[in-house]
Amino acid sequence: MLQFINDFNQGIFILLTVIYLYQFYYLWVSLSSRRRKNLLPAPAAKNHKYAAIIAARNEGTVIGELIRSLKDQNYPQHLLDIFVIADNCTDDTAQKAREAGAIVYQRQNQSLVGKGYALDELFRKIRAYHRQAGYEAFFIFDADNLVDRNFVREMNRLYDHGYLAATCYRNSKNYDTNWITAGYSLWFLREARFLNAPRMMLGNSCAVSGTGFMVASSLLSQGWKWHLLTEDIQFSVECALKGVTIGYCETAVIYDEQPTTFRQSWQQRLRWSKGFYQVTRHYGLSLLEAATEGSKKSFSCYDMLMTIAPATLVTVLGITINLLLLISALVEPSFITARLIRATGRAILFAVINIYLALMLFGTATLITEWKRIRASVVRKVCFLFTFPIFIFTYIPISLVALVRKVQWTPIHHTVLKNINEIRDF
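Numbering of residues starts from 1 in every chain and runs along the sequence as written. pLDDT decides what is reported in this predicted model: residues at 70 or higher carry local features, side-chain atom pairs at 80 or more are listed and counted, and totals for whole chains, interfaces and linings draw on all residues regardless. Excluding hydrogens and water, the side-chain figures rest on all heavy atoms present in the structure.

### A short note on the pairing of strand 8 (residues 246-256)
Argument step 1. When a residue's accessible area, from a 1.4 Å probe over protein chains only, is under 20% of the maximum for its type it is buried; when over 50% it is exposed; and in between it is partly exposed. To qualify as a helix, a DSSP run of H or I must reach at least 4 residues; to qualify as a strand, a run of E must reach at least 2; elements of each kind are numbered from the N terminus. For strand 8, the buried fraction is high: ten of the eleven residues fall into the buried class.
Argument step 2. In the sheet, strand 5 (residues 146-147) pairs with strand 8 via two bridges, with the strands oriented antiparallel. Bridge pairing links Leu-146 to Tyr-255 in strand 8.
Argument step 3. By the convention used here, strands pair only if DSSP detects at least 2 bridges between them. The pairing of strand 6 (residues 165-172) with strand 8 spans eight bridges and is classified as parallel. The partner of Ser-172 across the bridge, within strand 8, is Asp-256.

So, in structure tokens, the structure goes:
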């Protein structure tokens with residue numbers, strides 16, 4: 001039994017190290033100044049026509065500031081229209097959006113609930129009533145976002161150079177509120193700097209992360225057809241499978257509001273975890289096959305497969321088995337079970353320490369490289385670095401619950417009322 005425990009835990013450690021070793025290579029690539037010239041194309045030869053798309057549910061408090069930040073873009077205003085779909089709203093979201101200058105449609109549908117369905121209806125409205133506008137691509141935002149004034153101009157570079165989809169640099173409006181908002185924020189900054197940036201440098205497809213991304217009209221001929229609980233990852237996976245390279249624009253910046261309470265965070269990440277399981281079930285085998293076929297898209301498919309699985313499942317499985325063995329030993333104490341207790345205890349402690357240190361490595365690298373872009377005091381920046389791994393550890397019970405619980409899309413209430421000038425002047 002002791003040999004089994006040692007072999008089992010060593011096997012899990014080796015497996016996770018091998019399959020995720022490429023992310024340490026990403027870390028090195030991102031820090032390589034020689035490769036950073038590949039991160040952004042030359043200035044665009046043409047200004048293209050776009051529409052900003054916002055799906056909003058009871059976001060009357062914050063949506064006006066998002067629209068004003070889009071109205072203030074350093075880009076010809078006649079080439080950017082703003083659309084809002086007020087989805088199942090019971091507040092004044094539609095009115096606030098119209099007052100700020102958006103074209104607004106309202107939707108009431110209690111059976112098809114979720115951002116994906118709202119986006120699909122809005123795109124059908126645009127095709128029906130605004131086809132003559134000639135939108136070449138769309139920017140998708142959440143209502144709580146604020147958009148840097150150069151966002152459209154910078155994203156236009158990527159579209160002009162042939163990218164049919166692109167994601168941005170996702171910063172935070174409320175990094176410094178508490179350990180929860182800091183945990184989210186540091187994760188998204190790490191995703192931008194040490195995942196999407198090296199993907200872009202190496203010519204691999206990036207991953208869309210919820211908001212602040214561009215989609216070309218040519219990819220939306222059937223409307224918005226991605227309706228799983230994590231429609232952004234579903235979209236990213238389908239792009240990888242079809243050989244569509246999603247770009248990354250480091251100089252296109254949005255500011256996102258993060259949940260401030262653990263209850264809100266639990267609900268949101270429970271949906272994300274369930275959505276990852278859904279994507280794995282629908283696309284896991286296809287990604288595995290594409291990753292092993294040796295084509296140009298193979299590594300992007302492998303990368304997407306590692307994004308949706310199996311780190312959480314393997315980690316949860318390993319900890320669960322060790323805990324079960326530990327409980328078994330405690331039920332019937334003896335000399336051999338005392339050794340079993342020590343072995344399983346060491347294995348669990350070893351796993352926790354190694355995961356914590358790996359997360360601290362990525363967190364520290366992110367904090368150092370993005371220090372000037374993080375809107376928090378020095379003390380909070382440093383303190384929240386140490387709570388970052390703890391925040392990620394809370395994914396373990398969330399992932400376990402998501403395996404057995406039915407999860408539905410639920411809105412997150414946003415209340416951080418800031419304007420883009422407050423963010424710039426920090």
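### Regarding the environment of Ala-100
Argument step 1. With respect to the helices and strands, Ala-100 occurs in helix 4 (residues 93-100).
Argument step 2. For the pair Ala-100 and Ile-63, spaced 37 residues apart in sequence, the C-alpha to C-alpha distance is 8.6 Å.
Argument step 3. Setting aside chain neighbours within four positions, we find Ala-100 in contact with Gly-64, Ile-67, Arg-68 and Lys-71. Should any heavy atoms of two residues lie within 4.5 Å, those residues are considered in contact.

### A few points about the packing of helix 7 (residues 179-202) against helix 13 (residues 378-393)
Argument step 1. Between N-to-C directions, angles cover 0 to 180 degrees, with each direction set by a line fitted to C-alpha atoms, over the stretch in contact for helices. Taken N-terminus to C-terminus, the directions of helix 7 and helix 13 make an angle of 85°; their axes are 9 Å apart at the nearest point. Between helix 7 and helix 13, the angle is such that the two are roughly perpendicular. Judged by residue contacts, Trp-179, Ile-180, Ala-182, Gly-183, Tyr-184, Leu-186 and Trp-187 of helix 7 engage Phe-384, Leu-385, Thr-387, Phe-388, Ile-390, Phe-391 and Ile-392 from helix 13.
Argument step 2. Under the scheme applied, nonpolar residues are Ala, Val, Leu, Ile, Met, Phe, Trp, Tyr, Cys and Pro; charged residues are Asp, Glu, Lys and Arg; polar residues are all the others, including Gly. Across the contact of helix 7 with helix 13, the residue classes tally to twelve nonpolar, two polar and no charged. What sets the label is the angle itself: under 35 degrees gives roughly parallel, over 145 gives roughly antiparallel, 65 to 115 gives roughly perpendicular, and the rest give oblique.

### Some remarks on the sheet that holds strand 8
Argument step 1. Reading across from one edge, 3-2-1-4-7-6-8-5 is the order of the eight strands in this open sheet, with mixed pairing throughout. If you trace the sheet from one side to the other, it starts and ends with strand 3 (103-107) and strand 5, each paired once.
Argument step 2. Where strand 1 (residues 50-56) meets strand 2 (residues 80-87), seven bridges bridge the pair, whose relative direction is parallel. Within the sheet, the bridge partner assigned to Ala-52 lies in strand 2 and is Ile-82.

### What to know about helix 13
Argument step 1. Helix span is expected to be 1.5 Å times the residue number reduced by one. Look at helix 13: 24 Å from first C-alpha to last across 16 residues, which is about the 22 Å you get at 1.5 Å a residue.
Argument step 2. By the burial criterion, the buried members of helix 13 are Lys-381, Phe-384, Leu-385, Phe-388, Pro-389, Phe-391, Ile-392 and Phe-393.

### Quick word on the side chain of Gln-278
Argument step 1. As for its placement among the helices and strands, Gln-278 is situated in helix 9 (residues 262-291).
Argument step 2. Here Gln-278 falls in the buried class, since its relative accessible area comes to 15%.
Argument step 3. Ignoring anything within four residues of it in the chain, the contact list for Gln-278 reads Leu-228 and Leu-229.

### A word on the nonpolar core
Soluble globular proteins: nonpolar side chains tend toward being buried together.
Argument step 1. Residues Ile-53, Ile-54, Phe-141 and Phe-151 are the most contacted members of the largest nonpolar core, which totals 94 residues.
Argument step 2. When residues of this core are assigned to their parent elements, the largest contribution, ten residues, is made by helix 7.
Argument step 3. What Phe-141 contacts, discounting residues up to four positions off in sequence, is Ala-52, Ile-53, Ile-54, Ala-55, Leu-66, Leu-70, Val-147, Phe-151, Thr-211, Gly-212 and Ile-254.
Argument step 4. Residues enter a nonpolar core if they are buried and are Ala, Val, Leu, Ile, Met, Phe, Trp, Tyr or Cys, with the set joined through side-chain atoms within 4.5 Å. Formed by 21 residues, the second largest nonpolar core is a distinct cluster that contains Val-237, Val-279, Leu-287 and Cys-301.

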